[in-house]
Amino acid sequence: MNPAIRNWSGQRVWVIGASTGIGAETARQLLTKGARVALSARRAEPLEELAAGHANALVALVDITDHATVLAARDQLLAAWKGIDLVLIVAGGYNEMRADSLDLAKVNQLIDLNLRGVFNCLDVVLPGLLKQGSGGIGIVASVAGFGGLPKALIYGPTKAALINLTESLYLDLHPRGVAVYQINPGFVDTPMTAVNDFKMPALISATQAADKLVAGLEAGDFHIHFPKRFTNWIRLARLLPYRWYFALIHKVTGL
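What counts, and where the lines are drawn
Note that residues are indexed from 1 along each chain, following the sequence as it is written. Per-residue local features of the predicted model are confined to residues with pLDDT of at least 70, and side-chain atom pairs are confined, for both listing and counting, to 80 or more; whole-chain, interface and lining totals are unaffected and use all residues. Hydrogens and water molecules were not included; the side-chain quantities draw on all heavy atoms of the structure. Where helices and strands are cited, they refer to DSSP runs of H or I of at least four residues and of E of at least two residues respectively, numbered from the N terminus. Burial classes follow relative accessibility: with a 1.4 Å probe on protein chains only, a residue under 20% of its type's maximum area counts as buried, one over 50% as exposed, and anything between as partly exposed. Contacts were defined at the residue level, with two residues in contact if any of their heavy atoms lie within 4.5 Å. Accessible areas in this description were obtained via Shrake-Rupley with a 1.4 Å probe; residue shielding takes into account the shown protein chains only. The convention is simple: Lys and Arg are positive, Asp and Glu are negative, and His and the chain ends are not counted. Throughout, a charge is located at the NZ atom of Lys, the CZ atom of Arg, the CG atom of Asp or the CD atom of Glu. In this scheme, patches are assembled from residues that exceed 30% relative accessible area and form no salt bridge. Like charges are connected within 9 Å, while nonpolar side chains (Val, Leu, Ile, Met, Phe, Trp, Tyr) are connected within 5 Å. One speaks of a salt bridge when a side-chain nitrogen belonging to Lys or Arg is within 4 Å of a carboxyl oxygen belonging to Asp or Glu. Strand pairing follows a simple DSSP-based rule, namely that at least 2 bridges must link the two strands. Interaxial angle, 0 to 180 degrees, is taken between N-to-C directions of lines fitted to C-alpha atoms, where a helix line uses only the stretch in contact. A pocket here means an open set of points on a 1 Å grid, computed over the protein atoms alone, that has protein on both sides within 12 Å along at least five of seven lines. A cavity is instead a set of points where a 1.4 Å probe fits but cannot get out; residues with an atom within 4 Å of a point line either one. Grid points are joined across faces, edges and corners, and a volume is the space filled by probe spheres set on the points. Polar here means any residue outside two lists: the nonpolar Ala, Val, Leu, Ile, Met, Phe, Trp, Tyr, Cys and Pro, and the charged Asp, Glu, Lys and Arg; Gly therefore counts as polar. Every angle not falling under 35 degrees, over 145, or within 65 to 115 is termed oblique; those three ranges are roughly parallel, roughly antiparallel and roughly perpendicular. Less than a right angle of anticlockwise turn of the near helix away from the far helix marks a crossing as left-handed, whereas a clockwise turn marks it as right-handed. Two aromatic rings, drawn from Phe, Tyr or Trp (for Trp, its six-membered ring), form a pair once their centres lie within 6.5 Å of each other, and the interplanar angle then sorts them: stacked below 30 degrees, edge-to-face above 60, tilted otherwise. Ring-over charges, as used throughout, are those where CZ of Arg or NZ of Lys falls within 6 Å of the ring centre and within 35 degrees of the ring normal.

Peer 1: So what's going on with the overall build of the protein? Which residues, and what values?
Peer 2: Secondary structure summary: the protein contains eight helices and nine strands in total. Taken along the three principal axes of its C-alpha coordinates, the protein extends 55 × 35 × 30 Å. Across the 255 residues in the protein, those meeting the buried criterion constitute 51%. For the protein, restricting intrachain contacts to residue pairs at least 6 apart in sequence, the fraction spanning at least 24 positions comes to 65%. For the protein, the exposed surface amounts to about 11,800 Å²; the carbon and sulfur share of it is 54%. Computed over 24 positive and 20 negative side-chain charges, the inter-centroid distance for the protein is 7 Å.

Below is the structure:
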């Protein structure tokens, strides 16, 4: 559904959320493959550690909830590269929340990070991609966006919104030569999932997740999801009657 990427050499890739986890491992792999990679996140130290020894790495600090910082980073990249070929929006957060612990401040905080932050990024990169009529945008959502899950009262809805968003983006951008990638990880061993106190089926490492993500980009997949032994199960579960779906989710998570 998207053009295959057969050679990363010289590709200008902006990884937003590259300080830890999937973003860091994906950036590391792309640098190894010869891409020029801009590393963005709020904290400089992990980005500088990742960039060390890579002549093709560029550090650009960003807080995606602050539109001005995203715009400044975009301008920094354009000054250095004269263009951007691929934007990967990996940044996001998680707040464990259930109905008996609804916290409106945390709700708004996560909406700002997981949803409004993505639109801040789109606002600054879409005009350039549309003008050049090439390149692509990848957005990391989650299998939590496929359906309701315990402890995901706000996280799940933000990720469901991103799934819908990427589908709409594809319909608008594909005819104009811009690729769109919807990226839905299952459970990945990262600092974000380290706080979970429930069963995480088919847990994989961040390196394994990055392997799948990069392979999906190279194949030109629109929907990149992993590990498929879990993500396909969740997708099929959504076809069941609700009483069966809810029973399965309780059994699998133990919640």
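Peer 1: Summarise the environment of Leu129; cite the residues concerned and give the values.
Peer 2: Here Leu129 lies in helix α4 (residues 104-132). In this structure the C-alpha to C-alpha distance between Leu129 and Ile84, which are 45 residues apart in sequence, comes to 7.6 Å. Sequence-distant contacts of Leu129, defined by excluding residues within four places in its chain, comprise Ile84, Asp85, Ser134, Gly135, Gly136, Ile137 and Val178.

Peer 1: Describe a positive patch on the surface, listing the residues and the values that go with them.
Peer 2: Where like charges cluster on the molecular surface, the positive patch consists of Lys212, Lys228, Arg229 and Arg235. With respect to the element layout, Lys228 can be found in helix α7 (residues 228-237). Residue classification places Lys228 among the partly exposed positions, given a relative accessible area of 47%.

Peer 1: So, the sheet that holds strand β5 (residues 136-140): which residues are in play, and what are the values?
Peer 2: Strand order in the open sheet formed by seven strands is β3-β2-β1-β4-β5-β6-β9, and the pairing between neighbours is parallel. Edge positions in the sheet fall to β3 (57-59) and β9 (223-226), since each has one partner strand and no second. Looking at each pair of strands side by side, their axes are set apart by 15° on average, direction ignored. Bridge count between strand β6 (residues 179-185) and β9: four bridges; the pairing is parallel. Residue pairing across strands places Gln182 opposite His223, the latter belonging to β9. Relative to the sheet, α7 contacts β6 and β9, its axis offset from that of β9 by approximately 115°.

Peer 1: So what's going on with the layout of surface pockets? Residues and values would help.
Peer 2: In this model, the second largest pocket occupies a volume close to 180 Å³. Around the second largest pocket sit Pro3, Ala4, Ile5, Gln11, Asp85, Leu86, Ser134, Gly135, Gly136, Gly177, Ala179 and Tyr181, which together line it. In terms of residue class, the lining of the second largest pocket is built from six nonpolar, five polar and one charged.

Peer 1: Residues and numbers for unusual backbone geometry, please.
Peer 2: Of note, the amide linkage connecting Phe226 to Pro227 takes the cis form, showing an omega dihedral of -10°. In the Ramachandran plot, Lys82 falls in the positive-phi region, its phi being about 70° despite a non-glycine side chain. Judged by its relative accessible area of 68%, Lys82 is exposed. One non-glycine residue, Lys151, lies in the positive phi region at around 65°. Turning to its location among the elements, Lys151 is positioned in the loop between β5 and α5 (155-173).

Peer 1: Go over the packing of helix α1 (residues 21-32) against helix α6 (residues 206-219) with me, naming the residues and quoting the values.
Peer 2: Where α1 meets α6, the axes come as close as 8 Å, and the angle between the chain directions of the two elements is 60°. Between α1 and α6, the crossing angle belongs to the class labelled oblique. Judged by the twist between their axes, the crossing of α1 over α6 is right-handed. Residues Gly21, Ile22, Glu25, Thr26, Gln29 and Leu30 of α1 form the contact with α6, whose participating residues are Ala206, Thr207, Ala209, Ala210, Asp211, Leu213 and Val214.

Peer 1: Can you lay out the packing of aromatic side chains for me, pointing to particular residues and giving the numbers?
Peer 2: Enumeration over the complete set of coordinates arrives at six aromatic pairs. Grouping aromatic residues by their ring pairs yields a cluster made of Phe187, Phe230 and Trp233. The ring of Tyr245 carries the charged tip of Arg238 above its face, separated from the ring centre by 4.3 Å.

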